[in-house]
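These are the residues of each chain, in order.
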Amino acid sequence: MKRLCDLIECDYDTPICDIKIDSREIKKGDLFVAVNGFNVSHSEFIEDAINNGAAAVITDVDYKGDIPIIKVPDVNGILNQICINFYEYHNNQKIIGITGTDGKTTTAIMLKELLKETRNIAYMGTNGIEYGNKIIKTENTTPTNEKLYKYLTILQNENYDDVVMEVSSEALLHKRVVDFQFRYAIFTTITEDHLNIHKTIENYIESKLSLASLVKEDGAIIINRDDDNCRLLLNKNFNHLYTYGKDQDSDFQICNIEENMGITIFDIRYRDQTFHITSPYIGEYNVYNLCAAFIVCYLEGIESDYLIQKIKNLPSIKGRTESLDFGQNYKLILDYAHTLNGIKNIVESFKGKYKRTILLTGAAGGREKEKREKIGKYILNHADFVVFTMDDPRYESVDSIIDQMIGDEKKNNYIRIINREEAIRYALDIAEENDLVLILGKGRDNYMAIEDKRIDYCDYDVISRYFHDQS
């Protein structure tokens, strides 16, 4: 607990328990910082924050209340310093930032697994905060400013000096990470996404690429040379930039990819060295993810023989091309893929390997509508049968979302089942021997966003119950 005068110059010694920017999360004794969002000013919710128990408010508007109300000229600009003062964050951790439309979570978890035996490394991203055997659930891929400082301080106090962090385009747009110095920045892929937030693909790309400017002078930028948008960074003047990909001009060139019996074998060539890699992950996209993780480990001085052996024994990643075996006579894959590029990667990885492909997916409500028809057209033309269902509809009609996905396609190889649990059970019911069933969109998410609520829900639990009921 700190006093208000310890956080910002003022005459109030009011005790402060925590810092919040969301009035709905305020508890007795918290400081409410009424930041300005892109669509709303949080100053509109000062009364709600006070009613919920706020001990003080910092805002940029005139407001009179029975608690300390401090007016500042730039409430957003002062938030980070207030957080630093409150949490006593030292900002000396080695942060590895990973951004990209697809591949952030997989690359981050691979990297954490490869480094965890040589240092105390924590993970922060879509799956929450993971350190040691502890997990903190979070709502955002990259937490909001005040939560980011809170979580990093927890890791700092637990002696986690290395943090691998997924950095979302929204976090970069809203400058949540602008005051952090990154040791490494990894760029996986940049394809169209989140246009509901960024409005144009150019804005989206610009937000993604801005992570490179946050890398320390002695740090390194690692980019996918085979991605047109990542390659834009080659036009900038960065001291330490490494490329990876199949392109022969890549610093770390990927060669000789072969898939066989559920494993992937490939080579990474760097200067006069060739590293022979055996990976437990299928799909060429996972070769790229693994190569990016490999580069960080190599630059960190991890001995290559040790690294190659670690890669061979990496565990499966929950909700990412996760192969589920309940004794069924068909292939069942659970994956988080929800972008056109991500879905293409999954489908192409299994092309021609199974009798039929049954694909279940939906599209999130309140998110980019432009991609819905593109995804629908692709899956209707590349899967044998499609089950359209809900995927975090929020305030949108699921039927309307599905209509947009189907678009003008005249195919009849699909069914719509609004309830996702019923849809999954249907997909599993119709699966036959040597079929491939792809359950896409939510991975191991533990909620379904309906209107403004998060209802307990998990695809894996639904699948597990299905097979339990069959036994």
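Here the residue numbers are simple positions, counted from 1 along each chain's written sequence. Per-residue local features are limited, in this predicted model, to residues with pLDDT of at least 70; the limit for side-chain atom pairs, both in listing and counting, is 80 or more; totals at the level of whole chains, interfaces and linings are taken over all residues. No hydrogens and no water enter the side-chain calculation; it runs on all heavy atoms of the structure.

Q: What's the story with the sheet that holds strand S19 (residues 331–335) in this structure? I'm lost.
A: By definition, the strands of a sheet pair up through backbone hydrogen bonds, in either a parallel or an antiparallel sense. Overall, mixed pairing links the six strands, which are arranged S18-S19-S23-S20-S21-S22 in an open sheet. Looking at which strands have only one partner, the edges of the open sheet turn out to be strand S18 (322–323) and strand S22 (414–416). With respect to the sheet, helix H11 (residues 340–349) is in contact with S19, strand S20 (357–361) and strand S23 (436–440), its orientation differing from that of S23 by roughly 165 degrees. Contacts are residue-level and defined by heavy atoms, with any inter-residue pair within 4.5 Å sufficient. Simply put, an axis is a line fit to the C-alpha atoms, just over the touching stretch for a helix, and the angle between two N-to-C directions goes from 0 to 180 degrees. Elements are defined by DSSP. Helices are runs of H or I of four residues or more, strands are runs of E of two residues or more, and each kind is numbered from the N terminus. The sheet contacts of helix H15 (residues 459–470) involve S19 and S23, and relative to S19 the element is tilted by about 155 degrees. In this description, strands pair whenever DSSP reports at least two bridges between them.

Q: For this particular structure, what's the right way to read the state of the cysteines?
A: In protein chemistry, a disulfide is the covalent bond that joins the sulfur atoms of two cysteines. The disulfide criterion is simple: two cysteine sulfur atoms within 2.5 Å. A complete count under the given rule lists zero disulfides for this structure. The thiol of cysteine 5 is unpaired, and the distance to the nearest cysteine sulfur, on cysteine 10, comes to 5.7 Å. Using a 1.4 Å probe on the protein chains alone, a residue whose accessible area is under 20% of its type maximum counts as buried, one over 50% counts as exposed, and one in between counts as partly exposed. Using a relative accessible area of 27% as the deciding quantity, one classes cysteine 5 as partly exposed. Counting only cysteine sulfurs, cysteine 291 is the nearest neighbor of cysteine 230, a cysteine outside any disulfide, at a range of 13 Å.

Q: Would you mind showing me how to read the side chain of arginine 176 here?
A: Checked against the element boundaries, arginine 176 lands in the loop between helix H6 (169–173) and strand S12 (182–187). Only four residue types enter the charge count: Lys and Arg as positive, Asp and Glu as negative, with His and the chain ends excluded. Salt bridges, as used here, are contacts in which a Lys or Arg side-chain nitrogen is within 4 Å of a carboxyl oxygen on Asp or Glu. Although arginine 176 is buried, it forms no salt bridge, and the closest oppositely charged side chain is glutamate 170 at an N-O distance of 4.0 Å. A polar contact of 2.6 Å, which involves the side chain of arginine 176, links it to the backbone oxygen of threonine 142. Apart from residues lying up to four places away in sequence, arginine 176 is in contact with Asn140, Thr142, Pro143, Thr144, Asn145, Leu148, Glu170 and Ala171. We call two N or O atoms a polar contact when they sit within 3.5 Å, provided that within protein one can donate a hydrogen and the other can accept it, with sequence-adjacent residues counted only if both atoms are side-chain atoms.

Q: How should the pattern of salt bridges be read in this particular structure?
A: One pass over the structure, following the stated rule, counts 30 salt bridges. The closest approach of N and O atoms between arginine 465 and glutamate 421, which form a salt bridge, is 3.3 Å. Note that arginine 465 is positioned in helix H15 and glutamate 421 in helix H14 (residues 420–430), a separation of 44 residues in sequence. Exposure remark for arginine 465: the relative accessible area of 38% places this residue in the partly exposed category. A salt bridge links aspartate 452 to lysine 453; its shortest N-O distance comes to 3.6 Å.

Q: How should the nonpolar core be read in this particular structure?
A: Buried together is how nonpolar side chains tend to be arranged in soluble globular proteins. The biggest cluster of nonpolar side chains holds 53 residues, and the ones touching the most others in it are Leu31, Phe182 and Phe187. Among the elements that line this core, the one with the most residues is helix H3 (residues 75–87), at six residues. Here phenylalanine 182 is in contact with Ile95, Ile96, Gly97, Met165, Val167, Val177, Leu211, Leu214, Val215 and Lys216, once residues within four sequence places are set aside. Within this scheme, the nonpolar core is defined by two criteria: the residues are buried Ala, Val, Leu, Ile, Met, Phe, Trp, Tyr or Cys, and they are joined through side-chain atoms within 4.5 Å.

Q: Is there a simple way to think about unusual backbone geometry in this case?
A: A positive phi angle, near 65 degrees, is found at asparagine 159, a position not held by glycine. With respect to the element layout, asparagine 159 can be found in the loop between helix H5 (145–157) and strand S11 (162–166). Asparagine 159 sits in the exposed class, given a relative accessible area of 52%. The phi torsion at arginine 271 lies on the positive side, around 55 degrees, for a residue other than glycine. For arginine 271, the location among the structural elements is in the loop between strand S16 (263–270) and strand S17 (273–279). Under the relative-accessibility criterion, arginine 271 is labelled exposed at 71%.

By themselves, these observations are geometric and do not establish any function.
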